[in-house]
There are 2 protein chains.
Amino acid sequence: MGNSRLTVREIARLAGVSVATVSRVSNGTGQVSEEMRRRVLEAIEKHGYRPDHLGRALAAGRHGALGLVFPGLSGPYFTELIQGFESEAVPSRASVHILCTHLRSDSDAQALEMARRVDGLAVIGGTISEPTLLRLAEMVPVVVVAGEGPGAVPSVRAENAASMAELTRHLLLDHQLTDLVFVGNPEGSPDVSERWAGFLAAHRAAGVTPPASPVAVSMQQADGVLAAEQLLRPDSRPAGVVCANDETALGVLVGALGRGLRVPQDVVITGFDDAPIAALVNPALTTIRQPVRELAAEAARLILTAVNEPERVPCGDIVLPTELVLRRSCGCPANPVTGGTGT
Amino acid sequence: MGNSRLTVREIARLAGVSVATVSRVSNGTGQVSEEMRRRVLEAIEKHGYRPDHLGRALAAGRHGALGLVFPGLSGPYFTELIQGFESEAVPSRASVHILCTHLRSDSDAQALEMARRVDGLAVIGGTISEPTLLRLAEMVPVVVVAGEGPGAVPSVRAENAASMAELTRHLLLDHQLTDLVFVGNPEGSPDVSERWAGFLAAHRAAGVTPPASPVAVSMQQADGVLAAEQLLRPDSRPAGVVCANDETALGVLVGALGRGLRVPQDVVITGFDDAPIAALVNPALTTIRQPVRELAAEAARLILTAVNEPERVPCGDIVLPTELVLRRSCGCPANPVTGGTGT
DNA sequence: TTGAAAGCGATACCAA
DNA sequence: TTGGTATCGCTTTCAA
């Protein structure tokens, strides 16, 4: 098919040089005379030659690819994550392979398989078991994103507990809401686990009894709608719904508005992430901004460093700061800076 | 690092056989005596040998990977798409590489690059220019998903125009709504283009003057919120908002509810896709169900066939049927079968 | 500066 | 049935 028949040997023959010279020219390595370089480039240009990826990778002992393992593909969080990761990987001429473990029973096996096709791996916390994570780390450089790495596996994550505690404190004290619920499943994700911990800590600090357990649903908008259905009954409605991310918060918001409730008058709703839509809805969503893009970019940088300079073993945990964003859904007045259309 | 040092040669030496025999055993090809097989398997097991992917791919002249090119990662549509694609690819031992062209100026170049790393390619309509599509098709088997392929490039898509015309007719005649707008950008996507065409056709058939142009926004929920802001002003509010997909419809719904409008009494809203959340919101969303998963699975099957049996060149366009799903957001009564919580 | 040749890891043909 | 070996496409010493 097409020009795929072309090999270094062909080009070398056509240009009247050796394969070594062609290789040197097409890689920009080594010293080549101007005359040779011209001849080779001409032949390459004329026939549209592009070195075969497999041959190159085999000889170089490198795949030229980085892997990214994460739970699902829905939502702006993952879009940001991927873009941040690619923004670092692509300039280094590494393509990004994505493994989506959501609804997949054999994710550990899939990850091990992927590790054999890439030079390094970023794994979102909570997607892969610790033993497998350690095995992966023996095969290629691994960085855990949004979670803690086991053993010496480095990690990059956002600050969760303190900012969630701050938000919760704001609701408990500034808005005098003492009947809060938490929507999200701490089991599946280190991020959510830390946010739940912050939620509890703020209650303790304020001397308010927190709910015994979270409303453990998944992280998509539909789950928020379902949670709303379950929570927002006229007889036993909480004063505030603190959600583990913006998507579920949006779902709860839709559920609340759909049953004719007023937000924040009848019920307060908050999210986490500060997704683009959070500032657009009405009422605009109070949330916590986390630097998702930067998180992923940092992970990619760590991996690339480990790949390119194996002697410099990266280690330690990087924690990026987050920021509380107060908007109308928690009862605060409209804020022209952070967004929200007002009424 | 780890066991990656192991090669066929090593295992052959350890098992006291030739590399050919090891290869035969690890691939299950050719005839091997029970005794040899046992010896080899033992050595493989003991040392945890897994054949190197690059070596294998180079020798086989095959990457063992399929590519999937599409615009963005947000939303349930793409989740379904990927899962459907993988459901066919993975059993055939092909991994799936994803290229997300959203916010990427060099998507054509990226796609060409990807074509050199995979055995076949599925391209979502509207993401890659036609000339590039033809070049890709010269390199590997290509299938266009949700769009028409140029030249002899085969395609798989869902029926759009007729079902959208049916929905529009339902709004125009059954609900007597003569003031409809269409939200979605026909330029970027063949799907949307066909849906807009169906919207117009129904107007013509009913003798109603359609709007001069669509509200050309992108396909994410935030875009729907923005469209709502622009459309749902008290002075000039349309009777119905027909959206190109469920996500924008949800955005419009959030926007409408957020401004205190009642749906469907004050304004009717419809979507397209029948995403899981469409049945959950209140009012439940009237929409058109399309078999996204099946679409992607069919595309993967076509590609795999083309890869495995190059003599059988696939061609033609496959069009999968869609189905109108009437729920409350268009003014129809609650339907216990198709979903919707009622009031 | 250039080229010949030895790998990289696995497959598959052809003899034995 | 088994093993030796050429081959896949490219990179990279090592000599010239």
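Residues numbered from 1 in each chain as written. Chains lettered and ligands numbered in written order. Predicted model: local features only at pLDDT ≥ 70, side-chain atom pairs only at ≥ 80, totals over all residues. Heavy atoms only, no water.

**Details of the protein's contact with DNA strand D**
Thinking step 1. Around DNA strand D sit 25 residues, and of these Val8(A), Tyr49(A), Asp52(A), Ser33(B) and Met36(B) come closest.
Thinking step 2. In the interface set of DNA strand D, defined as its atoms within 4 Å of the protein, sugar plus phosphate atoms amount to 61%.
Thinking step 3. Contact distances for DNA strand D include 2.5 Å between a phosphate oxygen and a backbone N or O atom of Val8(A).
Thinking step 4. In this structure, a base oxygen belonging to DNA strand D sits 3.5 Å away from a main-chain N or O atom of Ala59(B).
Thinking step 5. Broken down by secondary-structure element, the contributors of at least two residues to the surface near DNA strand D are helix H1 (8-15), helix H2 (19-27) and helix H4 (53-60) of chain A together with helix H2 (19-27) and helix H4 (53-60) of chain B.
Thinking step 6. Classifying every residue of the surface near DNA strand D gives 13 nonpolar, eight polar and four charged. (Near = heavy atom within 4 Å. Polar contact = N/O pair within 3.5 Å; in protein donor to acceptor, adjacent residues only side chain to side chain. Helix = DSSP H or I, 4+ residues; strand = E, 2+ residues; numbered from the N terminus. Nonpolar A, V, L, I, M, F, W, Y, C, P; charged D, E, K, R; others polar.)

**Quick notes on the interface of chain B and chain A**
Thinking step 1. The interface is formed by 51 residues belonging to chain B together with 51 residues belonging to chain A.
Thinking step 2. For the pairing of chain B and chain A, the buried interface totals around 4600 Å² over both sides, and the portion due to carbon and sulfur atoms is 58%.
Thinking step 3. At the junction of chain B and chain A, the tally comes to two salt bridges.
Thinking step 4. Counting across the chain B and chain A interface gives 13 residue pairs in polar contact (both at pLDDT 80 or more).
Thinking step 5. When contributions to the side of chain B that touches chain A are tallied by element, the ones reaching two or more residues are H4, helix H5 (76-89), strand S2 (95-100), helix H6 (107-115), helix H7 (130-139), helix H10 (221-231) and helix H11 (246-258) of chain B.
Thinking step 6. Of the residues contributing to the side of chain B that touches chain A, the split by class is 24 nonpolar, 17 polar and ten charged. (Contact = heavy atoms within 4.5 Å. Buried area = accessible area lost by both parts, 1.4 Å probe. Salt bridge = Lys/Arg side-chain N within 4 Å of Asp/Glu carboxyl O.)

**Notes on the protein's contact with DNA strand C**
Thinking step 1. The local shell around DNA strand C holds 26 residues, among which Arg24(A), Ser33(A), Met36(A), Val8(B) and Asp52(B) are the closest.
Thinking step 2. Here, DNA strand C places atoms within 4 Å of the protein, and 64% of those atoms are sugar or phosphate.
Thinking step 3. Arg24(A) is positioned with one of its side-chain polar atoms (N or O) 2.7 Å from a base nitrogen of DNA strand C.
Thinking step 4. Arg9(B) is positioned with one of its side-chain polar atoms (N or O) 3.1 Å from a base nitrogen of DNA strand C.
Thinking step 5. Partitioning the surface near DNA strand C into residue classes produces 13 nonpolar, eight polar and five charged.

**Observations regarding the relation of the copies chain B and chain A**
Thinking step 1. Overlaying chain B with chain A gives an RMSD of 0.1 Å, the required rotation being 180° about an axis along which the chain moves by 0.0 Å. In short, the pair behaves as if placed about a two-fold rotation axis.
Thinking step 2. Residue by residue, 100% of the interface of chain B is reproduced at the interface of chain A, so both copies engage with the same surface. (Least-squares fit on C-alpha atoms with pLDDT ≥ 70 in both.)

**Observations concerning empty space enclosed by the protein**
Thinking step 1. Counting across every chain of the model gives three cavities of 30 Å³ or more.
Thinking step 2. Put simply, the largest cavity is a space of about 190 Å³.
Thinking step 3. Taken together, His53(A), Leu54(A), His63(A), Ala65(A), His97(A), Arg117(A), His53(B), Leu54(B), His63(B), Ala65(B), His97(B) and Arg117(B) make up the full set of residues lining the largest cavity.
Thinking step 4. Mapped by element, the contributors of at least two residues to the lining of the largest cavity are H4 of chain A together with H4 of chain B.
Thinking step 5. Split by residue class, the lining of the largest cavity holds four nonpolar, six polar and two charged.
Thinking step 6. As for the second largest cavity, its lining consists of ten residues, of which Val225(A), Gly255(A), Arg259(A), Leu280(B) and Asn282(B) are closest to the centre. (1 Å grid on protein atoms, 1.4 Å probe; cavity = no way out; pocket = protein on both sides within 12 Å on 5 of 7 lines; lining within 4 Å. Points joined across faces, edges and corners; volume = space filled by probe spheres on them.)

**Regarding the sheet that holds strand S1 (residues 65-70) of chain B**
Residues and elements named next belong to chain B.
Thinking step 1. Pairing in this open sheet of six strands is parallel, and the strands run S2-S1-S3-S4-S5-S10 from one edge to the other. Looking at which strands have only one partner, the edges of the open sheet turn out to be S2 and strand S10 (317-320). For this sheet the average axis-to-axis angle between neighbouring strands, irrespective of direction, equals 20°.
Thinking step 2. Pairing analysis gives four bridges linking strand S5 (residues 155-158) to S10, with the strands arranged parallel. Across the sheet, Arg-157 pairs through a bridge with Val-319, a residue of S10. (Pairing = 2+ DSSP bridges. Axes fitted to C-alpha atoms, helices over the stretch in contact; angles between N-to-C directions.)

**Describing the sheet that holds strand S1 (residues 65-70) of chain A**
All names here are of chain A.
Thinking step 1. Taken in spatial order, the six strands of this open sheet run S2-S1-S3-S4-S5-S10, and their pairing is parallel. Of all strands in the sheet, those with a lone pairing partner are strand S2 (95-100) and strand S10 (317-320), marking the two edges. Across the sheet, the axes of successive neighbouring strands diverge by a mean angle of 20°, strand direction being ignored.
Thinking step 2. The sheet strands contacting helix H5 (residues 76-89) are S1, S2, strand S3 (120-124) and strand S4 (142-145), and the helix crosses S1 at an angle near 165°.
Thinking step 3. Taken strand by strand, helix H12 (residues 292-308) contacts S1, S3, S4, strand S5 (155-158) and S10, and its axis lies near 170° from that of S5.

**Structural notes on the pattern of salt bridges**
Two side chains with opposite charge may pair up if their charged atoms get near one another.
Thinking step 1. Evaluation of the coordinates by the stated rule reveals 38 salt bridges over all chains.
Thinking step 2. The partner of Asp266(A) in a salt bridge is Arg262(A), with the nearest N and O atoms 3.0 Å apart.
Thinking step 3. By relative accessible area, which is 48% here, Arg262(A) ends up partly exposed.
Thinking step 4. Among the salt bridges present, the one from Arg157(B) reaches Glu194(B), with a minimum N-O distance of 3.6 Å. Taken together, the residues Arg157(B) in strand S5 and Glu194(B) in helix H9 (residues 190-206) connect sequence positions 37 residues apart.
Thinking step 5. Judged by its relative accessible area of 13%, Arg157(B) falls in the buried class.
Thinking step 6. A cluster of three or more residues bridged by salt bridges with shared partners is formed by Glu35(A), Arg38(A), Arg39(A) and Glu42(A). (Buried < 20%, exposed > 50% of the residue type's maximum accessible area, 1.4 Å probe, protein only.)

**So, the domain arrangement of chain A**
Residues and elements named next belong to chain A.
Thinking step 1. Here the domain parsing of chain A yields domain 1 (8-51), domain 2 (65-158 + 292-312) and domain 3 (161-289 + 324-330).
Thinking step 2. Contacts between the two partners involve eleven residues from domain 2 and, on the opposite side, nine residues from domain 3.
Thinking step 3. Summing both partners gives a buried area of about 760 Å² for domain 2 against domain 3, and 49% of it is carried by carbon and sulfur.
Thinking step 4. In terms of surface lost to domain 3, no three residues of domain 2 exceed Ser-74, Pro-76 and Tyr-77, which account for 39% of the buried area on that side.
Thinking step 5. At the junction of domain 2 with domain 3, the criterion picks out one salt bridge.
Thinking step 6. Along the contact surface separating domain 2 from domain 3 lie zero residue pairs in polar contact (both at pLDDT 80 or more).
Thinking step 7. Among the elements of the structure, H5 and S5 are those that each provide at least two residues to the side of domain 2 that touches domain 3. (Domains from an automatic or database assignment.)

**A short note on the environment of Val241(B)**
Residues and elements named next belong to chain B.
Thinking step 1. Tracing the sequence through the fold places Val-241 in strand S7 (residues 240-243).
Thinking step 2. We classify Val-241 as buried; its relative accessible area is 1%.
Thinking step 3. Sequence separation between Val-241 and His-53 is 188 residues, and the spatial gap between their C-alpha atoms is 52 Å.
Thinking step 4. Non-local contacts of Val-241, meaning those with residues more than four positions away in its chain, are made with Val-181, Val-183, Leu-231, Leu-232, Val-252, Val-267, Val-268, Ile-269 and Thr-270.

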